Every structure is written in structure tokens, then in C-alpha cells.
Amino acid sequence: MTAPAALALTHAVAFRGERGWSAEEFEGLLSAPGTILSGDATSFVLGRVTLDEAEILTLATHPDHLRLGHAGRALAAFHAAAHAAGARMAFLEVAEDNTAARALYAAWGYAQAGRRPGYYARQGRAPVAALILTRALSDRDAPGLGADPEATQRQTAR
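Residues numbered from 1 in each chain as written. Predicted model: local features only at pLDDT ≥ 70, side-chain atom pairs only at ≥ 80, totals over all residues. Heavy atoms only, no water.

### A look at the overall build of the protein
Consideration 1: Looking only at helices and strands, one finds 5 helices and 6 strands in the protein.
Consideration 2: Counting helices and strands in the order they occur from the N terminus, the protein gives α-α-β-β-β-α-β-α-β-β-α.
Consideration 3: For the protein, the proportion of its 158 residues judged to be buried stands at 37%.
Consideration 4: Taking as baseline every contact in the protein between residues at least 6 positions apart, the subset at least 24 positions apart corresponds to 56%.
Consideration 5: Only carbon and sulfur atoms are counted for the fraction: they give 54% of the accessible area of the protein, which is about 8,500 Å². (Helix = DSSP H or I, 4+ residues; strand = E, 2+ residues; numbered from the N terminus. Buried < 20%, exposed > 50% of the residue type's maximum accessible area, 1.4 Å probe, protein only. Contact = heavy atoms within 4.5 Å. Areas by Shrake-Rupley, 256 points an atom, 1.4 Å probe, with all protein chains shown as cover.)

### Structural notes on the nonpolar core
Consideration 1: Ranked by size, the top nonpolar core spans 23 residues in total, and within it A54, I56, L75, A82, Y105 and Y110 carry the most contacts.
Consideration 2: Counting residues per element, this core draws most heavily on helix α3 (residues 70-84), at 6 residues.
Consideration 3: Leave out the neighbours within four places in its chain, and L75 touches V45, I56, L59, L104, Y105, W108 and Y110.
Consideration 4: With 8 residues, the next largest nonpolar core counts A8, F15, L30 and A60 among its residues. (Core = buried A, V, L, I, M, F, W, Y, C linked by side-chain atoms within 4.5 Å.)

### Examining the environment of L37
Consideration 1: Mapped onto the secondary structure, L37 falls in strand β1 (residues 35-40).
Consideration 2: A relative accessible area of 24% means that L37 is categorised as partly exposed.
Consideration 3: A sequence separation of 10 residues divides L37 from G47, and the C-alpha atoms of the two residues are 6.6 Å apart.

### Re the side chain of H79
Consideration 1: Residue placement: H79 occurs in helix α3.
Consideration 2: Using a relative accessible area of 0% as the deciding quantity, one classes H79 as buried.
Consideration 3: Excluding its chain neighbours within four sequence positions, the residues that come into contact with H79 are W108, Y110, R135, L137 and D141.

### As for unusual backbone geometry
In terms of backbone geometry, most residues other than glycine have negative phi values and most peptide bonds are trans.
Consideration 1: The phi dihedral of L51 falls on the positive side, at around 55 degrees, and the residue is not glycine.
Consideration 2: Here L51 lies in the loop between β2 (43-50) and β3 (53-61).
Consideration 3: Backbone geometry places R67, a non-glycine residue, at a positive phi of 60 degrees.
Consideration 4: Note that R67 resides in the loop between β3 and α3.
Consideration 5: Judged by relative accessible area, which is 80%, R67 ranks as exposed.

In short, shape yes, function no, at least from these values alone.
Set out below in C-alpha cells:
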């Protein structure tokens, strides 16, 4: 398993200018029931499953490893693990101004289900809304399937 300190380091550099999560916070989350960690210290998704819902708490990619497909692979692995744990729906919150993350989630079939105005504080700037995104999980998310975001979009559009 990836060490909490390595996750904290990646989280801090991925979210520069914001409060990164500490190794202790990661350790606490990793020990909680229903927690899923996919990926590694280069790029990871951390979330949890409660009943039939999977919540993505954070997705972080080290800036030295952007645009190499790591986040997509971690997201696919998270979907597979969450579905195997009984989740039928995944959801997350993303800052409205985080265009890169929004593009990634859209490519994987996430759609906006809500908006929380002024949710994210920004240093020296006006707060930014959080978008609540959701995506159904199904058998297509089983390991080996769903690893192609274009195929996911085609399947979601049906």
C-alpha cells in the first residue's frame, strides 16, 4: 500500500495554493471502513463506499506526471473496486474553475447533478462554486472494462 506520507506529498503539490491533506489525515482515511485507494503516489483516487454509493474524496496527480493517463487508470480502478464493493453510483465535488479535472470527469461519463455556490475559498479571490458530479457504476466497470473513457462515453450515451 502507498504510504500516507507519499500521498500527502503528491496531494500538496497537486493542489498548490490550497491546504493539502496531512499524512495523518490520509492515515485516518485509509483506516476507515469502506475506503478505497486506487493508483499510487504518482496519481491516485481516494474514496469510500457507503451502501450503494461511492464518494471520491480526492484525485491527485503529481505535476511531473500529468497527461500520461495515470489519473484515468486510477479512476477506472476506483470504479471497479467501488462496483465490486456494491456501489451503483459514484459522486464527487469539483471546483467549478478546475477545467482539467472537469474534462477528465466528463470523459469518464460524470454529469453535473448540483452546484454549491461559494464552496471553495480562494486566497485573494472570490470563492468558487463546487459542482456535484455523478456517474452510474455498472458491470462495465468490472476490471478490464471501462478503462477507455471514449467507450465509457459511448456506453453512457445509450
